[in-house]
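Remarks on the overall topology
Now for the letters of each chain:
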Amino acid sequence: MTIMVICFMVVMGSVVQAVAPTSFWLGETKPPVLLGIVIYCALMRERSVMLSAACLSGLFQDALSMIPLGYSSFCFCSIGWCIERWKDHLYTLHVVTHVFLGAVAHIALLWMLYAFLYMTGRHMPLNVPEGILKNVGAFVGGGTIVPLVFYIMRYMDTKVVGFVKERRWI
Amino acid sequence: MRDPSTRVWIVLGVVLLGVLNLPASTERSIKAAVREGISPLQSVVTSASRTIRETLKTPRGLGGITLENRRLASEVIALRNEVWALRELERENMELRNQLAFLKKVRYELIPAEAIARDVSGWWQTIRLNKGRSHGVETNQAVITTDGVIGKTIDVSFRTCDVLLLSDVDCKVAVRINRINGFGVISGRGLSWNRRVELNMDFINKNLPVRSGDEVVTSGLGGVFPKGLVVGYVDKVTRAPSGLYQQAHIIPKADLNDLSYVFIVTSDALEKKT
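Residues numbered from 1 in each chain as written. Chains lettered and ligands numbered in written order. Predicted model: local features only at pLDDT ≥ 70, side-chain atom pairs only at ≥ 80, totals over all residues. Heavy atoms only, no water.

1. What about the pairing of strand S12 (residues 245-252) of chain B?
Residues and elements named next belong to chain B.
- Where strand S9 (residues 197-205) meets S12, 5 bridges bridge the pair, whose relative direction is antiparallel. From the neighbouring strand, Asn200 faces S12, where its bridge partner is His249.
- In terms of strand pairing, strand S11 (residues 230-239) meets S12 through 7 bridges, oriented antiparallel. Residue Gly232 lies in a different strand from S12, and its bridge partner there is Pro252.
- Between S11 and S12, which pair antiparallel in sequence order, lie 5 residues; one of them, Gly243, sits at a positive phi of approximately 80 degrees. (Pairing = 2+ DSSP bridges. Helix = DSSP H or I, 4+ residues; strand = E, 2+ residues; numbered from the N terminus.)

Structure representation (structure tokens):
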């Protein structure tokens, strides 16, 4: 059931991310719904579930954009691993944690993807003001959307499906 | 016994390495499969959000509906007269072509399509349409609205296609300034703070008298965009930093921020002369 919930959320998340409007003042960044799913799994689930969610989310994000397949999966796995590595030192259910992690992780995702695109020559030129706006957009988008996604995922796990396992040591 | 977490990392590493090194055709097939699977859901969500937007606009727009109706009615009359005059010109054109022994004329067919999604990453200016190969769509076909050109198809799957918009920096269009027959190339500059789409036209002959308000149309060179499709109007003209040619800022005629229904231009036969 956990996998079904994650698959359902990844599909819905990618649809929402595709149709959501963007703003110039937020650097034309999209709401990080798929990243929110990965962060939830990193904080609340086993490592294998988190990595599966990261790979699936990355696959959908790459397939629905012009990013080469695998780039987003790698970025999501890296970010998810970092969060999962340090989650015992965090208040995993506190909204401040979600806001902070969402903001920082979205900025990290943005520039990791840009670095990959730059290395393979598929990047688009970016000047300093545009870069600053992208950072602002990533910060604001990550800080607002990730807590919301976390709440929805937790609701799905506890009320809809029945919470199976919080996490276990691997 | 091997630590389970090591196994997880090994499997993950192998999967990622495999995915990152997939052949281009396999990558395209996987992307197409995901897009085909998700496109019905995207259509439903886009239609629902459009309906909600229109419903919210209705109370505010009630007062203007009568005026809009009158304006549209007079526009219909004017367009009907124009169509009648153009039919006469077309008939005359066909007669002259027959006399000059032109065998075939380029015929363009329009495939209507609906925009169902935008780029999910936010890095590119693209939209997804609900028509694909099964409807006759191919790569590198011009996409227009009733106002003008909006972009070209770049990635076509069985039932959907992606369109690279004029506002994207990677979209280049060979164009011509109608009044003075000045050629150039247009490329996108993204969106400004007030969501105005900005286009740059480069390589205009420095001796040509380009003016603000000049109409810019596709030149037909480059093989993607048919000749004569309206792109936009000149906003302002500057000299390139090198001094070798002129540059112009172009305002596109079509509204690239609000794209619902578009047309994909397919050409039928090429012109031949004996």
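2. Quick word on the pairing of S11(B)
- By the bridge criterion, 3 bridges tie strand S10 (residues 215-218) of chain B to S11(B) in an arrangement that is antiparallel. Bridge assignment links B:Glu215 to a residue of S11(B), and that residue is B:Tyr233.

3. Considerations on unusual backbone geometry
Residues and elements named next belong to chain B.
- Phi at Asn140 is positive, roughly 60 degrees, even though this residue is not glycine.
- Residue placement: Asn140 occurs in the loop between strand S3 (126-129) and strand S4 (142-144).
- Assessed through its relative accessible area of 38%, Asn140 is described here as partly exposed.
- Of note, Phe203 is a non-glycine position whose phi angle comes to about 65 degrees, a positive value.
- By the secondary structure assignment, Phe203 is in strand S9. (Buried < 20%, exposed > 50% of the residue type's maximum accessible area, 1.4 Å probe, protein only.)

4. Some points on the packing of helix H4 (residues 71-85) of chain A against helix H5 (residues 95-119) of chain A
Residue and element names in this part refer to chain A.
- The contact between H4 and H5 brings their axes to 10 Å, and the two run at 145 degrees. Read as a crossing pair, H4 and H5 show a hand that is right-handed. Here Tyr71, Ser72, Phe74, Cys75, Phe76, Ser78, Ile79 and Ile83 of H4 lie close against H5, whose contacting residues are Leu101, Ala105, Ala108, Leu109, Met112, Leu113, Phe116 and Leu117.
- Broken down by class, the residue content of the contact of H4 with H5 amounts to 14 nonpolar, 2 polar and no charged. (Axes fitted to C-alpha atoms, helices over the stretch in contact; angles between N-to-C directions. Left-handed = near helix turned anticlockwise from the far one by under 90°. Contact = heavy atoms within 4.5 Å. Nonpolar A, V, L, I, M, F, W, Y, C, P; charged D, E, K, R; others polar.)

5. Description of the sheet that holds strand S5 (residues 149-156) of chain B
All names here are of chain B.
- Spatially, S2-S3-S6-S5-S4-S13 is the arrangement adopted by the 6 strands of the closed barrel, whose pairing is antiparallel. Across the sheet, the mean angle separating the axes of adjacent strands is 45 degrees when strand polarity is ignored.
- Summarising the sheet, strand S2 (residues 108-118) and S3 pair through 3 bridges and their orientation is antiparallel. Bridging from a neighbouring strand, Arg118 pairs with Ile127 of S3.

6. Here we look at the pattern of salt bridges
Residues and elements named next belong to chain B.
- Within the structure shown, the criterion is met by 13 salt bridges over all chains.
- The closest approach of N and O atoms between Arg71 and Glu75, which form a salt bridge, is 2.9 Å. Highlighted residues: Arg71 and Glu75, both in helix H2 (residues 24-99), separated by 4 residues, approximately one helical turn.
- Under the relative-accessibility criterion, Arg71 is labelled partly exposed at 41%.
- Glu75 sits in the partly exposed class, given a relative accessible area of 37%.
- Between Arg91 and Glu88 there is a salt bridge, and its shortest N-O distance comes to 3.1 Å. (Salt bridge = Lys/Arg side-chain N within 4 Å of Asp/Glu carboxyl O.)

7. Regarding the side chain of B:Thr153
- Take B:Thr153: it is sitting in strand S5.
- Once residues within four sequence positions are removed from consideration, B:Thr153 is found in contact with B:Val137, B:Glu138, B:Thr139, B:Asn140, B:Gln141, B:Val143, B:Cys161, B:Asp162, B:Val163 and B:Ile264.

8. Points about the confidence of the model for chain A
Residues and elements named next belong to chain A.
- For chain A, per-residue confidence averages 87 on the pLDDT scale, and 94% of positions sit at 70 or higher.
- Taking the mean pLDDT of every element in chain A, the minimum, 88, falls on helix H1 (residues 2-19) and the maximum, 94, on helix H2 (residues 33-44).
- Here residues 166-170 is modelled with pLDDT under 50, and outside its nearest four sequence neighbours on either side it reaches 15 contacts, counting other chains as well. (pLDDT = per-residue confidence, 0-100.)

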